[in-house]
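Single-letter residue listing:
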Amino acid sequence: METIHASASVSITELKRNPSAVIEAADGEPVAVLVHNKPSAYLVPAETYKRLLDRLDDLELAELVRARSGEKRVKVKLDDL
């Protein structure tokens, strides 16, 4: 059995029938969309999705900083920029 990473779930048939009701009932929480009782997608609120993207950007930048931490530093004068 596949793990569902949401506290609420809905069948694809129910979602097609009344997507607005599903979104409203979710009350800002993610909803697993099931096809044949297996998670096929997740319906995630727009604000949550934005926070996820921001977090991914932060993690990518942190990885870049770690990767470059051993590089030789170059001194630059602000006037030269």
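Since we're looking at a predicted model, the values are computed, not measured.

Analysis parameters
Residues numbered from 1 in each chain as written. Predicted model: local features only at pLDDT ≥ 70, side-chain atom pairs only at ≥ 80, totals over all residues. Heavy atoms only, no water. Core = buried A, V, L, I, M, F, W, Y, C linked by side-chain atoms within 4.5 Å. Buried < 20%, exposed > 50% of the residue type's maximum accessible area, 1.4 Å probe, protein only. Helix = DSSP H or I, 4+ residues; strand = E, 2+ residues; numbered from the N terminus. Pairing = 2+ DSSP bridges. Axes fitted to C-alpha atoms, helices over the stretch in contact; angles between N-to-C directions. Salt bridge = Lys/Arg side-chain N within 4 Å of Asp/Glu carboxyl O.

A closer look at the nonpolar core
Argument step 1. Membership of the largest hydrophobic core is limited to six residues, which are Val10, Leu15, Val22, Ala26, Val31 and Val33.
Argument step 2. If you list the elements that add at least two residues to this core, you get helix 2 (19–26) and strand 2 (31–35).

Considerations on the sheet that holds strand 2
Argument step 1. The strand order across the open sheet formed by three strands is 1-2-3, and the pairing between neighbours is mixed. The open sheet is flanked by strand 1 (8–11) and strand 3 (38–43), the only strands paired with a single partner. If you compare each strand with its neighbour and ignore which way they point, the axes differ by 35° on average.
Argument step 2. Pairing of strand 2 with strand 3 involves five bridges; the strand directions are antiparallel. Pairing of Val35 across the sheet is with Lys38, part of strand 3.

Side note on the pattern of salt bridges
When the charged atoms of two side chains lie near each other, side chains of opposite charge can form a pair.
Argument step 1. Across all of its chains, the model carries two salt bridges by this definition.
Argument step 2. In this structure, Lys50 engages Asp54 in a salt bridge whose closest nitrogen and oxygen atoms are separated by 3.0 Å. With a gap of four residues between them, Lys50 and Asp54 both fall in helix 3 (residues 46–68), about one helical turn apart.
Argument step 3. Judged by relative accessible area, Lys50 falls into the partly exposed class, the value being 44%.
Argument step 4. Residue classification places Asp54 among the partly exposed positions, given a relative accessible area of 34%.
Argument step 5. With a closest N to O distance of 3.3 Å, Arg66 and Glu63 form a salt bridge. Of this pair, Arg66 and Glu63 both sit in helix 3, three residues apart, roughly one helical turn.
Argument step 6. Classification of Glu63 as partly exposed rests on a relative accessible area of 44%.

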